[in-house]
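If you want the building blocks of each chain, they are given just below.
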Amino acid sequence: MVSIKGGRKRLLTGAVATAAAGLALGAFVLSGTANGASETADAAGRAKHAKPTIILEHGAFADGSSWNGVIADLRADGYPVVAAANPLRGPASDAAALRTVLDHVKGPKIVVGHSYGGNVISAAATGAPEVKALVYVAAFLPAPGESALELTNKYPGSTLPGALDPVTYQQADGSTATDLYIQQDKFHHQFAADVPAGQAALMAAEQRPVAQAALDEKATTAAWKTKPSWDIITTEDLNIPPAVQRFMARRARAHTTEVAASHSVAVSHPHLVADVIERAARATVR
């Protein structure tokens, strides 16, 4: 386990290009670049050292913009990035949506999930050979048969229920369903206590609701059982208690990093999150 208190060290990489010179022979001048075999070898070398695509899956009460700082760091270090849109309707259907992204993006991939997004990546990455590693960010790592709500209540510490704003509505078939928001006046304290108040207010206004049924839906598969995983544990989290996060990380034998941060660690500590993702990439993609 790594405990983080300091800043981020940046690594700069570069490339050197070479060209072949011309050769003069009598009245003929032969000149050009590398021959076809050399060009093929060069292309193979570039492919061998290409960096994996980072696929980011946000969780409940958030959207893709929650990864903005992380994306900036990853791109600066040469990683292609896709921040997928999570429908937040249920682990199985959300995983099916994410799997379309995973299947569309070719080559090796590192898949990252925040919060409820951990449920989604655990399902979507199952049976996806090009997914080389999973990174969980203050996230759920459910085993088959477990739900997000069940795991949250495994140990005390979550104050989320008292901060929720449920909205019940009628569906097209006449049945009713409930979406869950966080009350905007409680969002800063509950979800993003270490984020500046003004920024947290914007996040509260932009939050996307999660279906209440999604938090009760049980997992049917767990990609972390067969793929290497990394886990960022947030010790000041009021949504998923740190004790729950540690339990899941130990069970998954994840490489763990603990940080004194709120649930919105990707917003408050983007450099740390990017570093852990890059560590997973370097360890699993050669």
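For the structure given in this document, a descriptive report is provided here. (Residues numbered from 1 in each chain as written. Predicted model: local features only at pLDDT ≥ 70, side-chain atom pairs only at ≥ 80, totals over all residues. Heavy atoms only, no water.)

## Some thoughts on the nonpolar core
Burial of nonpolar side chains together is a common tendency in soluble globular proteins.
Phase 1: Counting 50 residues, the largest nonpolar core has Phe61 and Leu134 as the members making the most contacts within it.
Phase 2: At four residues, the largest contribution of residues to this core is made by helix 9 (residues 242-252).
Phase 3: If you look at the next biggest cluster of nonpolar residues, it comprises 28 residues, including Tyr79, Val273, Val276 and Ala280. (Core = buried A, V, L, I, M, F, W, Y, C linked by side-chain atoms within 4.5 Å. Buried < 20%, exposed > 50% of the residue type's maximum accessible area, 1.4 Å probe, protein only. Helix = DSSP H or I, 4+ residues; strand = E, 2+ residues; numbered from the N terminus.)

## Some points on empty space enclosed by the protein
Unoccupied space between atoms shows up once a probe the size of one water molecule is rolled over them.
Phase 1: Per the stated rule, a full pass over the model turns up one cavity of 30 Å³ or more.
Phase 2: Each pocket or cavity is described by its volume, and for the largest cavity that value is around 60 Å³.
Phase 3: Ala62, Ser66, Trp67, His114, Phe191, Met203, His263, Ser264, Val265, Ala266 and Val267 are the residues that line the largest cavity.
Phase 4: For the lining of the largest cavity, the leading source of residues is helix 10 (residues 265-268), giving three residues. (1 Å grid on protein atoms, 1.4 Å probe; cavity = no way out; pocket = protein on both sides within 12 Å on 5 of 7 lines; lining within 4 Å. Points joined across faces, edges and corners; volume = space filled by probe spheres on them.)

## Considering the pairing of strand 7 (residues 131-137)
Phase 1: Extensive coverage of strand 7 is indicated by the burial of six of its seven residues.
Phase 2: Across six bridges, strand 6 (residues 109-114) lies against strand 7 in parallel orientation. By the bridge assignment, Lys109 is partnered in strand 7 with Val131.
Phase 3: Remark: the strand 6/helix 4 (residues 117-124)/strand 7 crossover connection has right-handed handedness. (Pairing = 2+ DSSP bridges. Right-handed = clockwise from strand over helix to strand, strands pointing away.)

## A few points about the environment of His114
Phase 1: Within the secondary structure, His114 is located in strand 6.
Phase 2: Given a relative accessible area of 5%, His114 falls into the buried group.
Phase 3: The spatial distance from the C-alpha of His114 to the C-alpha of Ala138 is 5.9 Å, given a sequence separation of 24 residues.
Phase 4: If we ignore the near neighbours within four places in the chain, the residues touching His114 are Glu57, His58, Gly59, Trp67, Val137, Ala138, Ala139, Phe191 and His263.
Phase 5: Reaching out from His114, the side chain makes a polar contact with the backbone oxygen of His263 at a distance of 2.8 Å. (Contact = heavy atoms within 4.5 Å. Polar contact = N/O pair within 3.5 Å; in protein donor to acceptor, adjacent residues only side chain to side chain.)

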